[in-house]
Amino acid sequence: QVQLIESGGGLVQAGGSLRLSCAASGLTFSSYAMGWFRQVPGKEREFAAHISRGGSVTYYADSVKGRFTISRDNAKNTVYLQMNSLKPEDTAVYYCAATGRYFSDKYNADNYDYWGQGTQVTVSS
């Protein structure tokens, strides 16, 4: 069974940094592009970042561009989200997702096949 398990969330002060990890199992990791989304209660899931299968191409939401970095280690079946210069508005549950599809809208959560359970990130002011 496919599992994506996020870790690394927590409470940080504004301006601080946090590194999220997502460990994948049950799939051929290098065959899947990966994404990070975030969600606050009552709001729709929001795209944050995406990385190609080989890790050579990345995409970011404007809201996180320049502050967040997505990366992956295919040997470890893990995707990361390095979050710097955190702001209170970054507070959310962060989810990793996997897609085996091509030519997809990377901003659309419906284009992803598998999802983790999420990890809470809270940024205090």
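None of these values were measured; they are calculated from a predicted model. Along each chain, residue indices are assigned from 1 in the same order as the chain's sequence is written. Per-residue local features are limited, in this predicted model, to residues with pLDDT of at least 70; the limit for side-chain atom pairs, both in listing and counting, is 80 or more; totals at the level of whole chains, interfaces and linings are taken over all residues. Think of the side-chain values as coming from all heavy atoms in the structure, minus any hydrogens and water.

Some words on the side chain of T99
Right, on to step 1. Where helices and strands are cited, they refer to DSSP runs of H or I of at least four residues and of E of at least two residues respectively, numbered from the N terminus. Position of T99 among the secondary structure elements: in strand 9 (residues 92-99).
Right, on to step 2. Buried residues are those whose accessible area, probed at 1.4 Å on protein chains only, stays under 20% of the maximum for their type, while exposed residues exceed 50% and partly exposed ones sit between those limits. With a relative accessible area of 0%, T99 lands in the buried category.
Right, on to step 3. Among the polar contacts made by the side chain of T99, one reaches the main-chain carbonyl oxygen of N111 at a distance of 2.8 Å.
Right, on to step 4. Any two residues having at least one pair of non-hydrogen atoms within 4.5 Å are treated as being in contact. Excluding residues that lie within four positions of it along the chain, T99 makes contacts with S31, Y32, A33, H50, R53, N111, Y112 and D113. Each polar contact in these results corresponds to two N or O atoms within 3.5 Å; when the atoms are within protein, one needs to be able to donate a hydrogen and the other to accept it, and residues that are neighboring in sequence are counted only if both atoms are side-chain atoms.

Overview of the pairing of strand 8 (residues 78-83)
Right, on to step 1. Among the six residues of strand 8, five are classified as buried, and the element is accordingly described as predominantly covered.
Right, on to step 2. Relative to strand 8, strand 3 (residues 18-25) runs antiparallel, the two being bridged by six bridges. Residue pairing in the sheet places C22 in a bridge with V79 of strand 8.
Right, on to step 3. When strand 7 (residues 68-73) meets strand 8, the two strands line up antiparallel, connected through six bridges. Paired with R72 across the strands is V79, a residue of strand 8.
Right, on to step 4. What sits between strand 7 and strand 8 in their antiparallel hairpin is a turn of four residues, with N77 showing a positive phi close to 50 degrees. If DSSP finds at least two bridges between two strands, the strands pair.

Digging into the nonpolar core
Right, on to step 1. Of all hydrophobic cores here, the largest spans 33 residues; its most connected members are M34, W36, V79, L81, M83 and Y94.
Right, on to step 2. Elements with a minimum of two residues in this core: strand 3, strand 4 (33-39), strand 5 (46-51), strand 7, strand 8, strand 9 and strand 11 (119-124).
Right, on to step 3. Ranked by the residues each element gives to this core, the list is headed by strand 9, at five residues.
Right, on to step 4. Once residues within four sequence positions are removed from consideration, Y94 is found in contact with E6, L20, W36, F37, R38, F68, L81, M83, G118, T119 and V121. Residues grouped as a nonpolar core are buried Ala, Val, Leu, Ile, Met, Phe, Trp, Tyr and Cys residues, joined through side-chain atoms within 4.5 Å.

Some points on the pattern of salt bridges
Right, on to step 1. Any Lys or Arg side-chain nitrogen found within 4 Å of a carboxyl oxygen on Asp or Glu counts as a salt bridge. Applying the stated criterion to the full structure yields five salt bridges.
Right, on to step 2. Its salt-bridge partner being R38, residue D90 comes within 2.8 Å of it at the nearest N-O pair. Taken together, the residues D90 in the loop between strand 8 and strand 9 and R38 in strand 4 connect sequence positions 52 residues apart.
Right, on to step 3. Given the relative accessible area of 0%, D90 is considered buried.
Right, on to step 4. A salt bridge links R67 to D90; its shortest N-O distance comes to 2.7 Å. You can see R67 sitting in the loop between strand 6 (58-60) and strand 7 and its partner D90 sitting in the loop between strand 8 and strand 9, a full 23 residues away along the chain.
Right, on to step 5. One salt-bridge network, held together by shared partners, links R38, E46, R67 and D90.

From the geometry alone we can't say anything about function, so treat these as descriptive.
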